[in-house]
Amino acid sequence: MTALRHDWTREEVLALFDLPFADLMHRAQQAHRANFDANAVQVSTLLSIKTGGCPEDCAYCPQSARYATGLKAEKLMSLDVVVERARQAKAAGASRFCMGAAWRSPKDKDVAKVAEMVGAVKALGLETCATLGMLQPEQAQALKTAGLDYYNHNLDTAPEFYGDVIKTREYQDRLDTLEHVRQAGLKTCCGGIVGMGETRDQRAGLLQTLANLPEHPTSVPINRLVQVAGTPLAGTALLDPFEFVRTIAVARLLMPLSMVRLSAGRAEMNDELQALCFLAGANSIFYGEKLLTTGNPDVEHDQALFRRLGIHAMQIVEQSSTVHADIVETDAAACAGGGCGGACSDAELAA
């Protein structure tokens, strides 16, 4: 059993970043193979169930009402539309369906509506995830009662860089929501965004903070900044691709049992860069046409990339007495023949 640490120092994390690239990749592969099938990737689909009009000032986000990005604010989707989109995601091979809403924090009536969606999506045999902004303890519990499996709430960046990106909430607000989610018994999906102009030390600080949480997030999305015209971060110097791969590899070493998700920014990555990320320990992706309001590689391209790399999708098994339980690997032969429903085929940024 891999020993998990929650006491990483900044110096230790930077030492991993500073390793020769081949040595870092080798160590990340060792950690990955010790805990996962290195050729299996978990596949999720993300749907924006309430788009735009967010009062926050997150400098990367086109959904903020403060920026002129051309994004039209929309109301919460109806239950029927969400369920139909979930059916389509499952048919395309997704095993997890994530619902994102552009709220600073939802009202109780909003949580009740999302809880209804969670129950309906879960009835389709999908794992469920939501990202709705900051939650109060009773709201987290209501979502848990409805059958929610995961709650996404990213830290975004290191504590010392956070104020350069967001001023409408404090870092502690994010930590508090994560604590409410854990106390409700939900699994946490928590990561951040790189390429926002932060230093390597600050990238190390993000991963250090994630790894030193009371529990490692079950899923750790690593987002590569998607630059959207009209947002303050448009025009930021692009992050070196090898630095992005290093970030994935260090995340794998610090959180060896977590799903490390290759998230927003995949549309701008070529196949070779994505392959390096999988080699560095990424074993989860978002699948489908859009990540909230920015593009994502299409399904056919992802299917082709999986075939070229010999990757197969993970699937979930239903257990009668629990949440959709542990993710299990599909049979590779069945997958190759299309028996996985086409999944061999696997953000804008979740709040």
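In this text the structure is predicted, and so the values were computed from the model without any measurement. (Residues numbered from 1 in each chain as written. Predicted model: local features only at pLDDT ≥ 70, side-chain atom pairs only at ≥ 80, totals over all residues. Heavy atoms only, no water.)

Caption draft 1: Here's a closer look at the nonpolar core. By size, the foremost hydrophobic cluster in this structure holds 88 residues, and its most contacted members are Tyr60, Phe97, Tyr151, Leu210, Phe244, Leu254 and Phe278. Ranked by residues supplied to this core, first place goes to helix H9 (residues 241-254) with eight residues. Sequence-distant contacts of Phe244, defined by excluding residues within four places in its chain, comprise Val194, Ile222, Asn223, Arg224, Leu239, Leu262, Met269 and Cys277. In this structure, Leu46, Cys98, Cys129 and Phe286 belong to the second largest nonpolar core, which totals five residues. (Core = buried A, V, L, I, M, F, W, Y, C linked by side-chain atoms within 4.5 Å. Buried < 20%, exposed > 50% of the residue type's maximum accessible area, 1.4 Å probe, protein only. Helix = DSSP H or I, 4+ residues; strand = E, 2+ residues; numbered from the N terminus. Contact = heavy atoms within 4.5 Å.)

Caption draft 2: Just unusual backbone geometry, in detail. Positioned with a positive phi, Asp156 is a non-glycine residue whose angle comes to about 75°. The residue Asp156 is located in the loop between strand E4 (150-152) and helix H6 (159-162) in this model. What makes Asp156 buried here is its relative accessible area of 0%.

Caption draft 3: Molecular detail of the side chain of His216. On the secondary structure map, His216 appears in the loop between helix H8 (200-211) and strand E7 (219-224). A polar atom in the side chain of His216 sits 2.9 Å from the backbone oxygen of Ala211. (Polar contact = N/O pair within 3.5 Å; in protein donor to acceptor, adjacent residues only side chain to side chain.)

Caption draft 4: Representation of the packing of helix H4 (residues 108-122) against helix H5 (residues 137-146). At a minimum axis separation of 8 Å, H4 and H5 run at an interaxial angle of 20°. If you check the angle between H4 and H5, you find them roughly parallel. Considering only the axes of H4 and H5, their crossing is right-handed. Contact residues: Asp108, Val111, Val114, Ala115, Val118 and Gly119 in H4; Gln139, Ala142, Leu143 and Ala146 in H5. Considered class by class, the residues forming the contact of H4 with H5 number seven nonpolar, two polar and one charged. (Axes fitted to C-alpha atoms, helices over the stretch in contact; angles between N-to-C directions. Parallel < 35°, antiparallel > 145°, perpendicular 65-115°, else oblique. Left-handed = near helix turned anticlockwise from the far one by under 90°. Nonpolar A, V, L, I, M, F, W, Y, C, P; charged D, E, K, R; others polar.)

Caption draft 5: Region of interest: the packing of helix H3 (residues 79-91) against H4. Taken N-terminus to C-terminus, the directions of H3 and H4 make an angle of 35°; their axes are 10 Å apart at the nearest point. In this structure, the crossing between H3 and H4 has a hand that is right-handed. Every residue of H4 that contacts H3 at Leu79, Val82, Val83 and Ala86 is listed here: Glu116, Met117, Ala120 and Val121.

Caption draft 6: Local environment of the environment of Gln88. Here Gln88 shows up in helix H3. C-alpha of Gln88 to C-alpha of Thr45: the two residues are 43 residues apart in sequence and 9.8 Å apart in space.

Caption draft 7: The state of the cysteines, seen in detail. Taken as a whole and judged by the stated rule, the model has zero disulfides. Of all cysteine sulfurs, the one in Cys58 lies closest to Cys54, which takes part in no disulfide; the gap is 6.3 Å. With relative accessibility at 9%, the residue Cys54 sits in the buried group. The thiol of Cys129 is not disulfide-bonded; the next cysteine sulfur, from Cys98, is found 3.8 Å away. By relative accessible area, which is 3% here, Cys129 ends up buried. (Disulfide = S-S within 2.5 Å.)

Caption draft 8: Looking closely at helix H7 (residues 171-183). Across its 13 residues, H7 extends 19 Å between first and last C-alpha, which sits within 8% of the 18 Å expected from 1.5 Å per residue. Inspection of H7 places Tyr171, Arg174, Thr177, Leu178, Val181 and Arg182 among the buried residues, and these make up the whole buried set. Around the axis of H7, the buried residues are gathered within 140° of arc, so they sit on the same side. In the core, the buried residues of H7 are packed alongside H5, E4, H6, strand E5 (187-189) and H8. (Expected span 1.5 Å × (residues − 1). Arc of directions from axis to C-beta.)

Caption draft 9: Spotlight on the confidence of the model for the protein. Per-residue confidence for the protein gives a mean pLDDT of 84; residues scoring 70 or more make up 86%. This model gives residues 289-297 a pLDDT under 50, and the stretch forms 38 contacts once residues within four places in sequence are excluded. In the predicted structure, residues 317-351 sits below a pLDDT of 50 and forms 103 contacts with residues beyond four places in sequence or in another chain. (pLDDT = per-residue confidence, 0-100.)

Caption draft 10: Region of the structure containing the pattern of salt bridges. By the definition in use, this model includes 17 salt bridges. Its salt-bridge partner being Arg10, residue Asp201 comes within 2.7 Å of it at the nearest N-O pair. Taken together, the residues span a long stretch of sequence, with Asp201 in helix H8 and Arg10 in helix H1 (residues 10-17) at a distance of 191 residues. Between Arg182 and Glu179 there is a salt bridge; the shortest N-O distance is 2.7 Å. Within this pair, Arg182 and its partner Glu179 are both found in helix H7, separated by three residues, close to a single helical turn. Judged by relative accessible area, which is 28%, Glu179 ranks as partly exposed. Among the ionic contacts, a cluster of salt bridges with common partners joins Asp18, Glu198, Arg200, Arg203 and Glu243. (Salt bridge = Lys/Arg side-chain N within 4 Å of Asp/Glu carboxyl O.)

Caption draft 11: Looking closely at the packing of aromatic side chains. For the coordinates displayed, the defined rule picks out three aromatic pairs. Ring plane angle 80° and centroid distance 5.3 Å describe the contact between Phe21 and Phe242, whose orientation is recorded as edge-to-face. A residue pair is termed long-range when its members are at least 10 positions apart, and Phe21 in helix H2 (residues 21-35) and Phe242 in helix H9 qualify at 221 residues. A residue is classified by how much of its surface remains accessible, and Phe21, at 24% relative accessible area, is partly exposed. Judged by relative accessible area, which is 48%, Phe242 ranks as partly exposed. Between Phe278 and Phe306, the aromatic rings sit 6.4 Å apart at their centres with planes inclined by 90°, giving edge-to-face as the arrangement. (Phe/Tyr/Trp six-rings, centres within 6.5 Å; stacked < 30°, edge-to-face > 60°.)

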